[in-house]
Amino acid sequence: MEAVSGGGARGRGSCPKLLDLIPNGGDWSERDGGQRDYGVAEEQKLELRLGLPGGEDWRAVREEEEPPSVLSLGFLPVRASSNLSSHDRAAPSSPVVGWPPIRSFRKNLASSSFSKPSYPSQNENPGKTDTQEGCRKSLVKINMDGMPIGRKIDLKAHSSYDELSSAVNELFRGLIAAQRNENPALRNQSHGGRRQAITGLLDGSGEHTLVYEDNEGDVLLVGDVPWDMFVAAAKRLRMLKSSELSSSLSVSSPMPTFNSPPDDDPLILLKL
Amino acid sequence: MARFPRLRSLTLKGKPHFADFNLVPHDWGGYARPWIEALARGCPELEELRLKRMVITDECLELLARSFPNFRALFLVSCDGFSTDGLAAIATHCRHLRELDLHENEVDDRGEWLSCFPESSTSLVSLNFACLKGEVNAAALERLVARCTNLRSLWMNRSVSLEMLSRIVSKAPHLEDLGTGSYVHDPHSESYHNLINAFLNCKSIKSLSGFWDVAPRCLPAVYPICSQLAYLNLSYAATIQADDLINMIGHCTKLQKLWVLDCIGDKGLAVVASRCKQLEELRVFPSDPFGHGTIDSVTEEGLVSISSGCPGSTRCSLITIAKNCPNFVRFRLCILSPKKPDPLTHRPLDEGFGAIVQSCRGLRRLSVSGLLTDQVFLYIGKYAKKLEMLSVAFAGDSDKGMLYLLNGCRSLRKLEIRDCPFGDAALLKGVGRYEAMRSLWMSSCEVTLRGCQALAAMAPRLNVEIMHEEEEDAGGISCGGGLDDAQRVEKMYLYRTLAGPRSDAPSNLFTL
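Within every chain, residues take consecutive numbers counted from 1 along the sequence as written. Chains carry letters from A onward and ligands carry numbers from 1 onward, assigned in written order. It should be noted that, the model being predicted, local features are given only for residues of pLDDT at least 70 and side-chain atom pairs only at 80 or more, the latter also being counted only at that level, while totals for whole chains, interfaces and linings use all residues. Only hydrogens and water are set aside when side-chain values are computed; all heavy atoms of the structure are taken into account.

Participant: Give me the lowdown on the sheet that holds strand S4 (residues 208-213) of chain A, citing residues and values where you can.
Facilitator: Residue and element names in this part refer to chain A. Ordered by their spatial adjacency, five strands build an open sheet running S3-S2-S6-S4-S5, and the pairing between neighbours is mixed. One side of each edge strand has no neighbouring strand; the edge strands of this open sheet are strand S3 (151-154) and strand S5 (219-221). Averaged over all pairs of adjacent strands, the angle between strand axes in this sheet comes to 35°, irrespective of strand direction. Pairs of strands are assigned from DSSP output, requiring at least two bridges between the strands. Numbering goes from the N terminus for both helices and strands, where a helix is a DSSP run of H or I of at least four residues and a strand is a run of E of at least two. Pairing of strand S2 (residues 139-144) with strand S6 (residues 236-241), which is carried by four bridges, proceeds in the parallel orientation. Paired with Asn 143 across the bridge in S6 is Arg 238. In the packing of helix H5 (residues 161-182) onto the sheet, the strands contacted are S2, S3, S4 and S6, and the crossing angle to S3 comes to about 155°. Under this scheme, a helix contributes an axis fitted over its contacting stretch, all axes are lines through C-alpha atoms, and angles between N-to-C directions fall in the 0 to 180 degree range. When checking whether two residues touch, look at their non-hydrogen atoms; a contact exists if any pair is within 4.5 Å.

Next comes the structure, spelled out in structure tokens:
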């Protein structure tokens, strides 16, 4: 049994002095009913300050209040800087059943987006990098054919392809309008002054079709795989002109790549 | 039930707490059926039923809905066994339903139920369906909210879009508790604009929850109500980053209860400490419980900033919390790696928890973790006189630890222990205590079948149940069938009873 020396000042650097609790080895049952002075704590002058500049003494506020309070700190992983390798802080190598004690629905919050319950979560294996997404964003570049300036979009801020489509629409409407204003030839178009929606990105019915580049470098149509699989795989997005898509499907044309220069044609025909 | 024919309200709790963490067999028991059938026969005036960790079927819910003309309130917490069909029955038949609160249940999605509230039904005051996984009928929900003018609490599920939220909130400006659905939309959209206006009208909201799938740029809509909030639950919001959290919480000066994910980080907790002066409850959940994540999560520093003190040592942090927060009623700390010592000193955390119990004399619930010896139990037994519930895992060195607890904690009602070296001697010495307690759970300890049998023999008013996963002979345990006397019992759960062994136990569970 590891001997633990209880009690006594073990002040270490800036640590507060220990409360003088029951010394080690004593059989507490022999003790009288609290005559001994365990209240060394009251005599300690602990420095109680918030670590924030100009912070008020929070303790003073607490003392005025008597309501019961609750502190439930679920987890306390140790930062790597505390001289422990990340290995130490990892869960035990063989998974312990029922540990850590959290409800199952919380275990997959970080990576699951809203999808049908029957779709298996891709977060079963803690070794996968997907679990590290956690609170991290998933910003990818998106370019629109004919638009020299691209945007960035946070895929994780959306939970479906429809939302992505609306978001893309929003991202580029302004740019398109600005581009139209720059080009006198376009100003007299029947669109008038209103911004037009970009539609049909996902079903091929619009002027543009959304494609993406996955982590293997392949270019794929957006919409084939379940949403969160797409979010994990997509590295870049592109709004390809639908006409270019059909021509690229003929054997002789090169495949559209993300590195090809943007189209020179400034005319963007928008679907009304 | 025959003794209480005028019964109006009943609360039942079924499975042991560790069922939440998959430590209890699925078919353990806790069936609501016999209770509801008995109530249906004998207590026609029933108005309210609260069930926790029980199994309830759709048939039971249907029976419930049809049997009590005055039925007003149903609370189901951590239950399972039913589907949205059962909810449809409740909605259809309970004419005077005021409260329907579904909290963290496992519910099968079989389709429509919200539209089953008749158009004439206007009595709802509180509706919580946050745990449901399926879609809800948006139009039905809107109509329901519009006609239930007394609705004060509404917690919706993930399927409810921000667009729906904005329509609903604008129809219910008197809400006091709100749980949003998915909080994702384009901040330039009309819906978002409407939501901003709707929130501006909500002067009564005191608690806010939900925020599944959050688009951080939509959070500012909520800022105007933040200053009214007493309770904020952001523990489902895995997509909010620390800075967005900090911005939001910075507005919440009246906050009393905060649930948040650990990506709030130490910096975030420092902000909480400085802005939320009235905070009484803080729960920090892991955003990445099994990963080796790169998230900057809460460490001792953050913990300490809640109470101020020295960084780097969990023990010091605990001591400082103890000093600064003597009013804590519940303290539950779970250190991810079992048996983890203090990172600074590499020593056990006995002194830290000892400080907590010595200082927080009103402590009623405690969970301990990390590297702990028998010493910590000595402290708990000596000081935690008001302690009612204690959870222990991977702690202690010998039977002495458990004996300190049983002898010292006179108010103890529920004791749950897993993976500790406590054995038969301690179990048997505590026999005088168990009838005064609600229950004792011990799993993966040193307790053997022989010890449990001896205990059962000494205490006829206890049900001593043991659960064993291994294959059993047909002879079963009472004949010493597959299990050797001296073999350790995997799981033991004992509780006082007036009714003797129960008949609804699964086949691998034996009452001695």
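Having seen the structure, we can now continue with the description.
Participant: Any chance you could break down the nonpolar core for me, citing the residues and the numbers?
Facilitator: Residue and element names in this part refer to chain B. The set of buried Ala, Val, Leu, Ile, Met, Phe, Trp, Tyr and Cys residues whose side-chain atoms join them within 4.5 Å is what this entry labels a nonpolar core. Note on classification: 1.4 Å probe, protein chains only; a residue is buried when its accessible area is under 20% of the maximum for its type, exposed when over 50%, partly exposed between these limits. Of all hydrophobic cores here, the largest spans 95 residues; its most connected members are Trp 113, Phe 129, Tyr 183 and Phe 199. Among the elements that make up this core, the one with the highest residue count is helix H5 (residues 162-171) (five residues). Ignoring sequence-local partners within four residues, the contact set of Phe 199 consists of Leu 165, Val 169, Leu 178, Tyr 183, Ile 205, Ala 221, Val 222 and Ile 225.

Participant: Lay out the pattern of salt bridges in plain terms, naming residues and giving numbers.
Facilitator: Once their charged atoms are close, side chains differing in charge can pair, the charge on each being opposite to the other. Think of a salt bridge as a Lys or Arg side-chain nitrogen and an Asp or Glu carboxyl oxygen that are within 4 Å of each other. Tallying each qualifying case throughout the model produces 27 salt bridges over all chains. We note a salt bridge from B:Arg143 to B:Glu119, for which the minimum N-O separation is 3.4 Å. Of this pair, B:Arg143 sits in helix H4 (residues 138-147) while B:Glu119 sits in the loop between strand S6 (106-108) and strand S7 (126-128), and the two are 24 residues apart along the sequence. Classification of B:Glu119 as exposed rests on a relative accessible area of 52%. Across the pair B:Asp485 and B:Arg450 runs a salt bridge whose closest N-O atoms are separated by 3.9 Å. Residue B:Asp485 is found in the loop between strand S19 (462-467) and strand S20 (491-496), and its partner B:Arg450 is found in helix H17 (residues 449-458); the two are separated by 35 residues along the sequence. For B:Arg450, a relative accessible area of 48% gives the class partly exposed. Here the salt bridges do not stand alone but share partners, grouping A:Arg103, B:Asp20, B:Arg53 and B:Glu104 into one network.

Participant: How would you sum up the packing of helix H8 (residues 242-249) of chain B against helix H9 (residues 265-275) of chain B? Please name residues and give values.
Facilitator: The angle between the axes and the distance between the axes are what describe a pair of packed helices. All names here are of chain B. Between H8 and H9, whose axes approach to 9 Å, the crossing angle comes to 5°. Relative to H9, H8 is oriented roughly parallel. Within the contact between the two elements, H8 uses Asp 243, Ile 246 and Ile 249 and H9 uses Lys 267, Gly 268, Val 271, Val 272 and Arg 275. Across the contact of H8 with H9, the residue classes tally to four nonpolar, one polar and three charged. When describing relative orientation, an angle under 35 degrees is termed roughly parallel and one over 145 degrees roughly antiparallel, while 65 to 115 degrees is termed roughly perpendicular and anything else oblique. Residues are grouped as follows: Ala, Val, Leu, Ile, Met, Phe, Trp, Tyr, Cys and Pro are nonpolar; Asp, Glu, Lys and Arg are charged; every other residue, Gly included, is polar.

Participant: Kindly report on the confidence of the model for chain B, identifying the contributing residues and their values.
Facilitator: Residues and elements named next belong to chain B. Looking at any residue, its pLDDT shows the predictor's confidence there, from 0 to 100. Averaged over all residues, the pLDDT of chain B equals 88, while 92% of them reach at least 70. Predicted confidence is poor over residues 304-311, with pLDDT under 50, and the contacts of this stretch with residues over four places away or in other chains come to 32 contacts. Segment residues 471-481: pLDDT under 50, and 15 contacts once partners within four positions in sequence are set aside and those in other chains are kept. Overall fold confidence for the complex sits at a pTM of 0.67, while the interface term, ipTM, reaches 0.77.

Participant: Please provide a residue-by-residue account of helix H12 (residues 350-359) of chain B, values included.
Facilitator: Residues and elements named next belong to chain B. Burial analysis of H12 places nine of its 10 residues in the buried class, the great majority of the element. All of the buried residues in H12 are Asp 350, Glu 351, Gly 352, Phe 353, Gly 354, Ala 355, Ile 356, Val 357 and Gln 358. Elements that come into contact with the buried residues of H12 comprise helix H11 (314-324), strand S14 (328-333), strand S15 (365-367) and helix H13 (374-383).

Participant: Please set out the environment of B:Leu449 residue by residue, giving values where relevant.
Facilitator: Residues and elements named next belong to chain B. Structurally, the position occupied by Leu 449 is in helix H17. The exposure class assigned to Leu 449 is buried, which follows from its relative accessible area of 0%. Remark: the alpha-carbon pair of Leu 449 and Arg 488, spanning 39 residues in sequence, is separated by 6.3 Å.

Participant: So what's going on with the confidence of the model for chain A? Residues and values would help.
Facilitator: For chain A, the average pLDDT comes to 57, and 39% of its residues sit at 70 or higher. Confidence drops under a pLDDT of 50 for residues 251-255 of chain A, and excluding neighbours within four residues, the segment shows four contacts in the predicted structure.

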